[in-house]
Amino acid sequence: MDVKIKSVHLVAKWMWDCKGETCGICRQEYEAACPTCRVPGDDCPILTSPCHHTFHLHCITRALEKEEGQPECPTCRAPWQIVAKSSVTGTTTEYKHVHTATRSPSDFIPPATEAPERLQSYVEPKPFISLRRMQVFTVSLGVGAASVALVYFFLSTSIRNRVEEEQFQVDRIVERNRMAMQDRISIVPIFVAPSTYDELYAKMVKKDKEVETQLTQAKSTLHTETMFHVKMWWNRCLHNIQSATDAFAAAQLRHKEAQAEANIKATLQYSGYELVGLSKVGA
């Protein structure tokens with residue numbers, strides 16, 4: 001079997017020859033561009049120090065420029081120095097790094113229990129005041145002011161209604177007092193105190209007689225009403241008894257008539273007569 005290849009599409013992917021996958025400062029992949037560059041490639045190379053920490057060129061340069069005194073590795077804080085020496089071979093740029101420490105790089109790496117904060121990667125601090133925070137603060141301030149205004153409105157309305165109600169009650173009391181002062185005789189009857197004991201005793205006897213008369217009238221009225229209700233109840237009972245008796249008599253009469261009719265039919269059929277019709281003759 002012969003195989004003929006018409007076309008071939010070659011695909012290649014370039015990668016930096018280093019250990020790790022992301023930059024220790026910007027946390028971007030080595031094949032990606034750093035925050036300073038727009039596109040990856042030779043314009044955004046990477047640096048690997050003798051302490052085996054790799055960074056983007058622009059990231060480590062910006063981090064070392066912010067330090068005072070001897071530059072240190074942002075990860076292990078070991079002193080180092082970058083020698084700006086490059087050689088171009090074709091399209092490849094090589095960067096050489098020289099460590100100035102007299103000891104091995106592992107001697108400068110503190111244990112995690114001794115200084116864990118020194119093992120953190122360098123991250124450029126963000127400004128505290130940002131546009132987003134200002135927007136959130138402005139919105140929160142507006143919502144708070146609106147809430148305070150709403151609470152003040154409801155409280156003032158409630159207090160005003162309460163004051164108006166109390167003032168209305170006070171005005172009513174004042175008006176009643178004014179009317180009472182104008183017409184004292186109609187509101188407070190004239191009271192004449194008795195002058196002697198006999199007069200007082202006579203008034204007491206008269207009052208007792210009036211009370212006794214009222215009680216007698218009340219008892220008479222109560223007795224009359226009670227007797228009326230008792231008579232009404234007795235009449236209803238008699239009416240119900242009479243109705244029940246009449247209904248029972250009518251039912252008994254119907255039963256007797258039905259029984260007599262059945263006997264007549266049975267007698268005629270037994271005698272051989274054919275029953276054509278049966279009617280009731282009134283007395």
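Residues numbered from 1 in each chain as written. Predicted model: local features only at pLDDT ≥ 70, side-chain atom pairs only at ≥ 80, totals over all residues. Heavy atoms only, no water.

Q: Describe the packing of aromatic side chains, with residues and values.
A: A full pass over the atoms with the stated rule returns 2 aromatic pairs. Aromatic side chains W233 and W234 sit 6.4 Å apart centroid to centroid with 50 degrees between the ring planes, which places their arrangement in the tilted category. When its relative accessible area of 49% is taken as the criterion, W233 is described as partly exposed. (Phe/Tyr/Trp six-rings, centres within 6.5 Å; stacked < 30°, edge-to-face > 60°. Buried < 20%, exposed > 50% of the residue type's maximum accessible area, 1.4 Å probe, protein only.)

Q: Which residues make up the side chain of T54, and what values go with them?
A: Its place among the elements puts T54 in strand β2 (residues 54-56). A residue is classified by how much of its surface remains accessible, and T54, at 7% relative accessible area, is buried. Non-local contacts of T54, meaning those with residues more than four positions away in its chain, are made with C18, K19, C23, G24, Y30, I46, L47 and T48. (Helix = DSSP H or I, 4+ residues; strand = E, 2+ residues; numbered from the N terminus. Contact = heavy atoms within 4.5 Å.)

Q: If you had to explain a nonpolar patch on the surface to someone new, which residues and values would you point to?
A: On the surface, a cluster of nonpolar side chains totalling about 510 Å² of accessible area is made up of V3, I5, V8 and L10. When you line up the elements, L10 lands in the segment before β1 (46-48). Classification of L10 by relative accessible area gives exposed; the value is 80%. (Patch = residues over 30% accessible without salt bridge, like charges linked within 9 Å, V, L, I, M, F, W, Y side chains within 5 Å. Areas by Shrake-Rupley, 256 points an atom, 1.4 Å probe, with all protein chains shown as cover. Salt bridge = Lys/Arg side-chain N within 4 Å of Asp/Glu carboxyl O.)

Q: Break down the pattern of salt bridges for me, with residues and values.
A: Enumeration according to the criterion identifies 2 salt bridges in this entry. Between E166 and R162 there is a salt bridge, and its shortest N-O distance comes to 3.4 Å. One end of the pair, E166, and the other, R162, are both in helix α2 (residues 131-182), 4 residues apart, so they sit about a helical turn from each other. The class of R162 is exposed, set by a relative accessible area of 52%.

These figures come from the coordinates and say nothing about function on their own.
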